[in-house]
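# Architecture at a glance
Take a look at the letters that make up each chain.
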Amino acid sequence: MLEILRESFGHLFEDELLQEIDKVGTFKEINEGDQLIEIGTYVKSMPLLISGAIKVLREDEDGDELLLYFLERGHTCAMTLSCCLGQTKSEIRAIAETQAQLIMIPIQKMEEWTSKYKSWRNFVFNSYHQRLNEMLETIDDIAFKKMDERLLKYLKEKARITNDQIIYNTHQEIAYDLHTSRVVISRLLKSLENLGKIELQRNHIKLIDV
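Residues numbered from 1 in each chain as written. Predicted model: local features only at pLDDT ≥ 70, side-chain atom pairs only at ≥ 80, totals over all residues. Heavy atoms only, no water.

Attention now goes to unusual backbone geometry. Here Asn163, not a glycine, exhibits a phi torsion of approximately 55 degrees, which is positive. Mapped onto the elements of the fold, Asn163 is located in the loop between helix H6 (147-162) and strand E8 (166-167). Of the residues examined, Asn163 reaches a relative accessible area of 72% and is grouped as exposed. (Helix = DSSP H or I, 4+ residues; strand = E, 2+ residues; numbered from the N terminus. Buried < 20%, exposed > 50% of the residue type's maximum accessible area, 1.4 Å probe, protein only.)

If you want it as structure tokens, here you go:
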């Protein structure tokens, strides 16, 4: 696992810290659709993402979801950091967008490494900053962009995350992520197809204008 750590985080962490992570961390593989963190549960470890992508969602009182951001290689989740340090219940749901590999860090090490390693402290602060900016961007999209603009941005982000111009999500799954109805998504997807930006197939969506 140490070599994997050096490849993914060697540019961020000194070798002493990498060796500590290797000793206490647990390597984990999850499949697309697997749930990593659930709302209302206590977080006992923090994920470092080695490969793949994780989507982080919020849920409203009616059980409808909203996509906040994606985690990619070299990332961790600021929401998880907050729960670990404060020992509070999770307010987000994290689901594997693709098959992913992670290293889970026990929460007991969080505060110790923050004071012991400057590189870890910088990593934690940078992670908070990046995730905050992504959430602000999500808020801006909801407040200032029309749903067709949000939808096209979502499709492009999915293509970037998966490195594939073919998107296999159903209209209902997209509606869940964007906190709207399947009928609205289906109508807007048809409009995007008429504009020549996508092709709608039976089981997938192909991005054309990227």
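So, on to the confidence of the model for the protein chain. The predicted model of the protein chain averages 89 in pLDDT, with 96% of residues at 70 or higher. Mean pLDDT across the secondary structure elements of the protein chain bottoms out at helix H3 (residues 78-86), with 67, and peaks at helix H8 (residues 182-194), with 95. (pLDDT = per-residue confidence, 0-100.)

With that settled, the discussion passes to the environment of Glu59. Within the secondary structure, Glu59 sits in strand E4 (residues 54-59). Sequence-wise, Glu59 and Glu29 are 30 residues apart; in three dimensions their C-alpha atoms are separated by 25 Å. If near-sequence neighbours (up to four positions away) are discounted, Glu59 is found in contact with Ile39, Asp64, Glu65 and Arg93. (Contact = heavy atoms within 4.5 Å.)

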